[in-house]
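# Structure at a glance
Okay, here's what each chain looks like letter by letter:
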Amino acid sequence: MGTEQQVEKFSLAARQIGAEVFQAESLSAAARYVAEKLTGNLLLPAFASGARAELKSALEKAGARVETDLSRETAAQAEGGITGVNFAMADTGTLVLESTDEAIRLATTLPEKQFALLDPEKILANSLEAVEPMRQLHLRDPRNYIAYVTGPSRTADIERVLTIGVHGPKELHILLVPKLSSDPLEM
Amino acid sequence: MNKQRNKDYRQRIDQALATPKLQDALHKFGDAYLMSRGNAFANYDFEAMRTEISAMKTGVRENHAVLLQQFIANAEAAGATVYLAKTAEDANNYIAELAKKKGAKLAVKSKSMASEETHLNVALEKAGTKALETDLGEYIIQLAGQRPSHMVMPAIHMFKEEVAELFSKETGKIEPAEIKHLVEVAREQLRQGYFDAEIGITGANIAVAETGGIALVTNEGNARLASTLPKTHIALVGIEKLVPTLDDATKVIRILPKNATGQPLTSYVTWIRGAVPCAGEEKELHIVLLDNGRSTLAESPHCQEALNCIRCGACANVCPVYQTVGGHVFGHIYIGAIGIILTAFFHGLENAAEIVRACIGCRSCVAICPSKIDLEEIILSLRETIGEEEGIGTGKDLVFRKVMRNRKLFHGLLRAASVMQKPVTKGERSIRHLPLFFSSLTEWRTLPAVADKPLRDVILQQPQQVEKPRYRVALFGGCANDFLYPELGLDLVTVMNALDVEVYYPQEQNCCGVPALYSGDKETAIELAKQNIDAMLEGKPDFVLTTCPTCTMALQRDFVEHLKDNPAWAAKAEQLAEITVDAAGFIVNQLDGADLFAKLASQEKVTYHDSCHLKRGAGVWQEPRQLIETAGHELVEMAHADRCCGFGGSYSLTSHPDISKQILKDKLNDIEASGASCVAMDCPGCMMQIRGGLEKQEMPVRAQHTIELLAEALKNS
Ligand code: SF4
C-alpha cells in the first residue's frame, strides 16, 4: 500500500480524467491551496481525520471562509466543499467517500468545487482490492451511502462532446497530505 | 405480416436514410468509441473479464429465486421497502400511488431505462406528479417529446442547434447553440428541482444480494442529488440486475463503463444500502423490482442468455445497421441487438416483428458484448418464432418449403435460370441492369449471372493429379460457389492439389440452409441439415472444406444446434462439425502450407476485407492475411476491415436493400481510401456485394477470393 509508484499511478489517472492533484507537504500547505481557489464559502462537514488534524483552524488561518453548519440552504450557497477520503484506487484515479452522513453528501454534490484530502497511504491498486474495505464498511454500518468519485462531473450527451461540470462539481481538487489517516474505514 | 406496421417501419427507414447528418454522427461516434474503448482496456484482459461476467450472470439466472430473497431480506433489514412488480403497469401503479400518498407535485428523475420501459412518466403525470428528467440527454428528450435512441446516450441523434431551440423555449430567451453554454443552462434550469421535489426516482445498474444495496453508475452527478435531497427515494430496478456479492458487483463496474463509452470509470459510482439520513430524518427508500417479462425470458431456453446483459449499449455502438438508421428505427424502447430481444419479451412480439429482421447477422455485437451473449443466435431464434406466428411471406415460404428442400428441383431451376437470364446478361458474367421492377436490384451493384455450368458439373471434368494425397477432402460449395462462381471451386482444386490434397464434390449436397434459417424457416433448415450431413459424410472424407464462412457456420454450428436433441442425427452432426474447416484456415493450420506460395505472386497492393462469419464466427482472420503476404503481395489494411459489407443474403436483395446499399457505400469508401488495387476476402457473398459495388461504381479495384489469389500465384510460377 502507498508506494511511490502507486501515488504516481493514481495522480496520472486522476489528472487524465480532469482532476487536479496537489502534493501538499503539510496540512497548512493544503489549506493555503484551498483558500486560494475560493472567494465564497467552503463547506466543512465533520470527519475524523479532519477533526484530529484541526483542519478548521488550518483553513481559517489560510483565509478560507469555513461553513461548518451544513444544511440545504448553506450548501446551496457555498462555493466549495472539503472532505477527507476513506481510500483511493490507483488504476482509475478514484476516491472512495463513505457519505452516509448527509453533511458529507451535501458538501460533495452541491458546490461547484470539491476538495478532497487524501493520505497517500490509502491508495490501493484497484477496485478489486477495494472490495475488502467496502465489505468492512458494509459490516460496520447498518446503512450506507458510499461514493466512488472519479474526476469532476461530466457529460457527453450533446453531440458526444465531453463537457465537464453538469449537475455535480465542476472542479475536483485532490490534495495529497501525508500522515492524515491510514485507516480505510475512517474518512 | 401486419401491413400498416410494416409500412410505418419502411417510412422510418426512409426518413433515417434521408438524414445523412445522423449517419455521419453515428459513424464518427462508432470510430471514437472503438478508440477510447481500446485505450480503456489497454491493460486489461477483456476476454477473461467477460468470461467471468458471463459465468457470474449465468449463475445468477440459475439461482435467481434464492438471490432475490437474500437481496430483499438484506434491503428490508436496512430499512428499505421492497416491492416486486409483476408488470410495467404494476410498477407504475405502485409508484403513482406512493406519489399520491406523499402529495408529491414534483419527482426528479435520474436516468432509468426501466422507467422508459414502463412509461412511468405518463403514469406519474396522471397521478398529478410532474416527472422531471435531470440526466441531460433524458432532459433534452423529454423537452422534445421523444424517446431515447440509445440506452446510454439517449439524445445521440440530436444536434446542438435542436437542443438550443428546445432550451430557448424553456428559458424564454435565445440560447446560443454552444455545447458548454447549453450544459450550463441545463444545470441552472434543473438545480431548483432537486430541492423542490418530494421524490427522487433513479434506476440502478446493480442490486447486490450480499448487502441488499444498489449501485448507480453515472457521470453527471444528478443521481447523487436525486438520491440525496428529496425525502423519498424510489429505485426502479429490473430483477436481472442482481449479483451475488460485492466482488461480483465490482467486476461489473470494472467492465461496464469501459465497454459502454470507453471510460475507465464513470465519474460516480454510488452505493446505496437502506434508509440513509435525510434532513434530520430517515429517508424513505422504496426499491421496486421490475419483472415485466423477465421471468418469461428466463424460461425461454433459446433466449434466456439475454438476461446476462449489463446494458452497456455497446451492441448498438458497433452495429452497422444502427450506425446507418439509428435507434428510432432499429429499436423500440430498448435499441440495437439487445433491444430486439428485450422488446420481444418486455413489449410484445408484435413490437419486435420488424426489427428482428433488421439485424444483418454480422455478429459485431457478439464480439463486443461484455456478457458474451450470442445475440445473433438469439435473434435468429426469435425470427423463427415470429416466422411461425406471422408467417415468413408466401413467396419465401414456397421457395423454401417446396423448392429448396427438393434438391433436384432447386438445382434444376437454377440451371434453367442460367439459360433464361441470357437476354439480360448478354453472355457476360455480371448483370448490370435488370429490366422493369427488378431494376432496383441492380441500381447500386451488379449481380453475378448464374454460371453456364455449375461447379458440381465442371469439377468432375477437372483432372486431379495427386499421387500420394495427404488428405482426401470433400468440398462443400454452397449455392454461390456452386452456381455463381464455379471458377472459385476449380481454383480451390488447383490450390489443394498443389498441396497434395485431393478434392471431391459430393453431388447430393444442397443449400446449407442459412437463407431459410435467416428468414425464420427453421423446419427447412433442419431438413437441409440432414440432407447435407448424409451427403458430406458419405464418402468418408478426412475434412470437409468450405469457401463460404456462412456455410462453415452452418456446418460447424447450426446443424449441431438443430439436431442436438435428435438421437439419430446428433452424433453425425457433431462428426461433420468436427471435420469442417474453411479453406484458408485449413491451408495454414492443418497443412502448414503457406510457404508453398512464397513469393509466387506478381506483387500487388492488396487490402483484406474480413467476412463477418469468418472472423467472428470461425475466428479466422490472420490466416488469409498470412497467405496473401507470403504469396508476395503488399498487404495494406483498410479502415474498418472487419465491418460488414452489407450483403447478408436476402437482407440485401429483398428485406433491407436500402440499408445494405448504405453499408456497402461505407465499405467501398474504405477500400478506395486504402489505395489497394485488389480487395481480397474469403466469402462468395461478400464477393457478390463488393464486386458488384465496385463494378457499378466503375472503381479500378478487383475483388477476389483469397483462394483465387493463391491459384493465380500458382499459375504465375
Ligand atoms: S447485450 Fe451485451 S453489448 Fe448489448 S447492451 Fe447488453 S451487455 Fe452490452
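Owing to the predicted nature of the structure, the values given are computational and were not obtained by experimental measurement.

## Comments concerning the side chain of Thr706(B)
Residues and elements named next belong to chain B. Among the structural elements, Thr706 can be located in helix 37 (residues 706-716). Among the residues examined, Thr706 registers a relative accessible area of 0% and is labelled buried. Of the polar contacts made by the side chain of Thr706, one reaches the side chain of Asp682; its length is 2.6 Å. Beyond its immediate chain neighbours, meaning those up to four positions away, Thr706 contacts Tyr608, Pro624, Leu627, Ile628, Ala680, Met681 and Asp682.

## Remarks on empty space enclosed by the protein
All names here are of chain B. Enumeration according to the criterion identifies six cavities of 30 Å³ or more in this entry. Of the pockets and cavities examined, the largest cavity occupies roughly 110 Å³. For the largest cavity, the lining is made up of 16 residues, of which Cys319, Ala337, Cys359, Cys362 and Cys365 are closest to its centre. Among the secondary structure elements, those contributing two or more residues to the lining of the largest cavity are helix 15 (320-325), helix 16 (336-347), helix 19 (364-368) and helix 20 (375-390). Ranked by the residues each element gives to the lining of the largest cavity, the list is headed by helix 20, at three residues. Taken together, the residues that form the lining of the largest cavity break down as twelve nonpolar, two polar and two charged. Lining the second largest cavity are 14 residues; nearest its centre among them are Cys309, Cys312, Cys315, Cys369 and Pro370. Partitioned by chemical class, the residues of the lining of the second largest cavity number eleven nonpolar, two polar and one charged.

## As for the nonpolar core
Residues and elements named next belong to chain B. One finds Phe71, Trp271, Ile287 and Phe330 to be the most contacted residues of the largest nonpolar core, which totals 117 residues. The element best represented in this core is helix 16, accounting for eight residues. In this structure Phe330 touches Cys319, Val321, Tyr322, Val325, Ile335, Gly336, Ala337, Ile340, Ile355, Ala358 and Cys359, once residues within four positions along its chain are discounted. Judged by nonpolar contacts, the second largest core, of 68 residues, contains Phe597, Cys645, Leu694 and Ala713.

## Structural notes on the side chain of Arg625(B)
Residues and elements named next belong to chain B. For Arg625, the position within the fold is in helix 33 (residues 622-630). Separated by 3.0 Å, the side chain of Arg625 and the backbone oxygen of Trp621 make a polar contact. The contacts of Arg625, once residues within four sequence positions are left out, are Tyr608, Asp610, Leu635, Glu637 and Ala641.

## Here's the deal with the site of the ligand
Inspection of the region around the ligand gives 13 residues, with Cys309(B), Cys312(B), Gly313(B), Cys315(B) and Cys369(B) positioned closest. Within the shell around the ligand, the residues separate by chemical class into ten nonpolar, two polar and one charged.

## Concerning unusual backbone geometry
Glycine aside, residues mostly have negative phi, and peptide bonds are mostly found in the trans state. Residues and elements named next belong to chain B. Notably, Lys540 is not glycine yet its phi reads approximately 50°, a positive angle. Inspection of the secondary structure puts Lys540 in the loop between helix 28 (522-537) and strand 17 (543-546). Using a relative accessible area of 69% as the deciding quantity, one classes Lys540 as exposed. Phi is positive for Asp592, which is not a glycine, with a value near 50°. Position of Asp592 relative to the elements: it lies in the loop between helix 31 (583-590) and strand 19 (605-608). For Asp592, a relative accessible area of 66% gives the class exposed.

## Quick look at the domain arrangement of chain B
Domain annotation for chain B reports domain 1 (3-18 + 302-390), domain 2 (64-290) and domain 3 (394-717). Inter-centroid distance (C-alpha atoms) of domain 2 of chain B to domain 3 of chain B is 49 Å.

## Examining the environment of Phe400(B)
Residue and element names in this part refer to chain B. Take Phe400: it is sitting in helix 21 (residues 394-404). Residue Phe400 is classed as buried on the basis of its relative accessible area of 6%. Separated by ten residues in the primary sequence, Phe400 and Phe410 have C-alpha atoms spaced 9.4 Å apart.

## Regarding the sheet that holds strand 6 (residues 94-98) of chain A
One open sheet holds the eight strands; their spatial order is 8(A)-5(A)-6(A)-9(A)-9(B)-6(B)-5(B)-8(B), and the pairing between them is mixed. Bordering the open sheet on either side are strand 8 (123-124) of chain A together with strand 8 (242-243) of chain B, each of which pairs with just one other strand. Examined bridge by bridge, strand 6 (residues 213-218) of chain B and strand 9 (residues 268-273) of chain B share five bridges and lie antiparallel to one another. Along strand 9 of chain B, the bridge assignment pairs Leu216(B) with Thr270(B).

## What to know about the interface of chain A and chain B
Tallying the contact residues gives 49 residues for chain A and 69 residues for chain B. Overall, the association of chain A and chain B removes approximately 5,000 Å² of surface from exposure, summing both partners, and the carbon and sulfur fraction of that is 54%. It is Arg143(A), Ile158(A) and His167(A) that lose the most area in chain A upon contact with chain B, and together they represent 17% of the buried surface on that side. Across the chain A-chain B interface, the total number found is five salt bridges. Across the pair Arg135(A) and Glu210(B) runs a salt bridge, and its minimum N-O distance is 2.5 Å. Our count for the contact surface shared by chain A and chain B stands at 38 residue pairs in polar contact (both at pLDDT 80 or more). Listing elements by their share of the side of chain A that touches chain B, those giving two or more residues are helix 5 (72-77), helix 6 (102-109), helix 7 (127-140), strand 9 (144-149), strand 10 (154-155) and strand 11 (163-164) of chain A.

## Remarks on the pattern of salt bridges
Applying the stated criterion to the full structure yields 47 salt bridges over all chains. Across the salt bridge formed by Arg143(A) and Glu282(B), the nearest N and O atoms sit 2.7 Å from each other. In this pair, Arg143(A) is assigned in the loop between helix 7 and strand 9 and Glu282(B) in strand 11 (residues 281-282), connecting two distinct chains. Across the salt bridge formed by Glu604(B) and Arg702(B), the nearest N and O atoms sit 2.7 Å from each other. In this pair, Glu604(B) is assigned in the loop between helix 31 and strand 19 and Arg702(B) in strand 22 (residues 702-705), connecting sequence segments 98 residues apart. On the basis of relative accessible area, Arg702(B) is assigned to the partly exposed category, the value being 26%. Via salt bridges that share partners, Arg363(B), Asp374(B), Glu376(B), Glu377(B), Arg557(B) and Asp558(B) belong to a single interconnected network.

## Side note on the packing of helix 1 (residues 3-17) of chain B against helix 35 (residues 657-674) of chain B
Residue and element names in this part refer to chain B. Interaxial distance between helix 1 and helix 35 falls to 10 Å at its minimum, and their mutual angle equals 25°. The orientation of helix 1 relative to helix 35 falls into the category roughly parallel. The way helix 1 lies across helix 35 gives a crossing that is left-handed. Note on element contacts: helix 35 touches helix 1 through Asp658, Ile659 and Gln662, opposite Ile13, Asp14 and Leu17. Tallied by class, residues from the contact of helix 1 with helix 35 come to three nonpolar, one polar and two charged.

Thresholds, definitions, all that
Numbering of residues starts from 1 in every chain and runs along the sequence as written. Chains and ligands are labelled sequentially in the order written, the chains with letters from A and the ligands with numbers from 1. In view of the model being predicted, local features appear only for residues whose pLDDT reaches at least 70, and side-chain atom pairs are presented and counted only at 80 or more, with totals across whole chains, interfaces and linings using the full set of residues. Heavy atoms throughout the structure, all of them, feed into the side-chain values; hydrogens and water do not. Helical segments are the DSSP runs of H or I of at least four residues, strand segments are the runs of E of at least two, and each set is numbered from the N terminus. Each residue is assigned to one of three classes by its accessible area relative to the maximum for its type, calculated with a 1.4 Å probe on protein chains only: buried under 20%, partly exposed between the two thresholds, exposed over 50%. A 3.5 Å cut-off defines polar contacts: any pair of N or O atoms within that distance qualifies, except that in protein one atom must be a possible hydrogen donor and the other a possible acceptor, and neighbouring residues in sequence count only when both atoms are side-chain atoms. Two residues qualify as a contact provided that any one of their heavy atoms is within 4.5 Å of a heavy atom in the partner residue. Cavity means a closed set of points on a 1 Å grid over the protein atoms alone, one where a 1.4 Å probe fits but cannot get out, pocket means an open set with protein on both sides within 12 Å along at least 5 of 7 lines, and lining means a residue has an atom within 4 Å of a point. Grid points are joined across faces, edges and corners, and a volume is the space filled by probe spheres set on the points. Note on residue categories: nonpolar means Ala, Val, Leu, Ile, Met, Phe, Trp, Tyr, Cys or Pro, charged means Asp, Glu, Lys or Arg, and polar means any other residue, Gly included. Residues belong to a common nonpolar core when they are buried Ala, Val, Leu, Ile, Met, Phe, Trp, Tyr or Cys residues joined through side-chain atoms within 4.5 Å. Throughout, near means a residue has at least one heavy atom within 4 Å of the molecule or strand. Start and end points for every domain follow an automatic or database-based domain assignment. We call two strands paired when DSSP finds no fewer than two bridges between them. Buried area is a sum: the accessible area each of two parts loses on coming together, probed at 1.4 Å, counted once for each and added. Every case where a carboxyl oxygen of Asp or Glu lies within 4 Å of a side-chain nitrogen of Lys or Arg is listed as a salt bridge. Axes here mean lines fitted to C-alpha atoms, for a helix over just the part in contact, with angles spanning 0 to 180 degrees between N-to-C directions. Every angle not falling under 35 degrees, over 145, or within 65 to 115 is termed oblique; those three ranges are roughly parallel, roughly antiparallel and roughly perpendicular. Less than a right angle of anticlockwise turn of the near helix away from the far helix marks a crossing as left-handed, whereas a clockwise turn marks it as right-handed.

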